[in-house]
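# Results of the structural survey
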Amino acid sequence: MFDKLDQLQDAATSAVAAAADEGGLRELEVHYLGKKGAVTELLKGMKDVPVADRPRLGARANEVRNAVESAIATRRGALEHERIRRLCDDPDFDASLPVSAPFATRPGALHPLTRVTAHIEDVFRAMGFLLLDYPEVESEFHNFDGLNIPPTHPARDMQDTFWVETPPGQERQLLRTHTSTGQVRTMRLVTPPFRAIFPGRVFRYEEVDASHEHTFHQVEGLMIDRKVSVANLIYSMKTLLSEIFERDVVIRLRPGYFPFVEPGFELDIQCQVCGGRGCSVCKHSGWVELLPCGLVHPNVLRHGGLDPSQWQGWAFGLGLSRLVMMRYQIEDIRHLLGGDLRFIKQFSPAAATTTTTHTSGA
Ligand code: FA5
């Protein structure tokens, strides 16, 4: 068997090296490596080999397969090279001619989520914020307990969770339901005072509609200092919104409940898709929940290793996907991650100046 494998490798590599064109090469590939190819056929004889020799034989068969595969790749490259050389030598071939329509390279467009994220990062970097990145698969502690949400707390039901299978005895893992997972991480990582943002993808096991996705994006903001105020928080959020929208947008602030802030607020924006008249995005209310925020709860500071009598903080959790919808008047959140290129193409630099409502078919 070992001799047969040696012979097979020699025969295959010589035949491949002599293959005259791509068609011949493909035939050899099938002949030697295909499902019913020579290597597989030879291995059928494995059952007659003593059990002790089988692992060595298997390893040798893999070597032969790899050697033939690599010979084919080398020959394919050489044939392609020859083909291009022949083309270039052809006096009728003009490499400077423009490419005809179906083959022309089309300029790409940045996804609106990418554009707005980059813009937000610029705005906050200019205000001295750190830019941090945290895992999407998270511990239960960083997503819940560290944020003052113990297992029995009803707030856990506010965010339906995708749990990750975890071996018994290990801390439970999940797909983070919000970017607030970075709060305790940052407090433990960076010496205060500091300010930071952490944008990212989050996941929730919930029903999808025009304004709810199971996978969406948020940007968390966190500032820790000796003395921080709600006024400072509101200033940062207003700066963000005026930079992104480049015009005044109508907002409203109302009390909001989150176990990890006290007091907590909800900042809503007037729906930019319908101008506040009511549509499926704002559930006919004229308002879209965008930017919950508040002063960091003392228990969260403690989990972060900070003494609440010395340090204070504020935090916000921007609904980035919804901000993008408002910014570009996108009437259904499902377009964002739907992968339809007709949608993304509308955001090419030339198309970005339009103010029409964006749909996947336009
Ligand atoms: C949170 O996720 C909190 N972590 C926010 C926070 C951070 C509060 C810091 C206080 C301090 P909420 O579940 O409301 O809160 O989500 C925040 C924002 O994400 C919402 O205002 C909304 O804009 C967006 N959002 C929530 N669920 C979805 C969804 N299914 N699809 C798209 N966007 C969503």
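Residues numbered from 1 in each chain as written. Predicted model: local features only at pLDDT ≥ 70, side-chain atom pairs only at ≥ 80, totals over all residues. Heavy atoms only, no water.

### A look at the domain arrangement of the protein
Reports of interface size often rely on the accessible area that becomes lost once the parts have come together. Spelled out, the test is: The split into domains, and so the bounds of each, comes from an automatic or database assignment of domains.
Along its sequence, the protein is carved into domain 1 (2-103) and domain 2 (112-345). Relative to domain 2, the C-alpha centre of domain 1 lies at a distance of 53 Å.

### Section: unusual backbone geometry
This is how the line gets drawn: Working definition: helices are DSSP H or I runs of at least four residues, strands are E runs of at least two. Numbering for both runs from the N terminus. Classification of residues uses two cut-offs on accessible area relative to the type maximum, computed with a 1.4 Å probe and protein chains only: under 20% is buried, over 50% is exposed, and between them is partly exposed.
Residue proline 192 is joined to proline 193 through a cis peptide bond whose omega torsion reads 0°. In this structure, proline 193 sits in the loop between α7 (182-189) and β5 (194-203). That bond from glutamate 262 to proline 263 is cis: its omega, 0°, falls within 30 degrees of zero. Along the chain, proline 263 turns up in strand β8 (residues 261-270). Positive phi, close to 55°, is recorded for glutamate 246, a residue that is not glycine. Within the secondary structure, glutamate 246 sits in the loop between α8 (230-245) and β7 (251-255). Look at glutamate 246 and you get exposed, because its relative accessible area is 59%. Positive phi is not limited to glycine here, since lysine 283 has a value of about 55°. By secondary structure assignment, the location of lysine 283 is in the loop between β8 and β9 (287-296).

### Let's talk about helix α10 (residues 320-328)
Convention followed: Any two residues whose heavy atoms approach within 4.5 Å at even a single point are treated as in contact.
The element α10 is extensively covered by neighbouring structure, given that eight of its nine residues are classed as buried. Listing the buried residues of α10 in full gives Leu320, Ser321, Arg322, Leu323, Val324, Met325, Met326 and Tyr328. Packed against the buried residues of α10 are α5 (112-126), β6 (215-225), α8, β8, β9 and β10 (312-319). Phi turns positive, to about 50°, at glutamine 329, one or two residues after α10.

### Things to note about the sheet that holds β8
Condition: For two strands to be treated as a pair, DSSP must find at least two bridges joining them.
Judged by pairing direction, the sheet is mixed, and its seven strands sit side by side in the order β1-β5-β6-β10-β9-β8-β7 without closing on themselves. The two strands at the open ends of the sheet, each matched to only one other strand, are β1 (130-131) and β7. Sheet topology note: the β9/β10 ladder contains three bridges and is antiparallel. Looking at the pairing, leucine 295 lines up with tryptophan 314 of β10.

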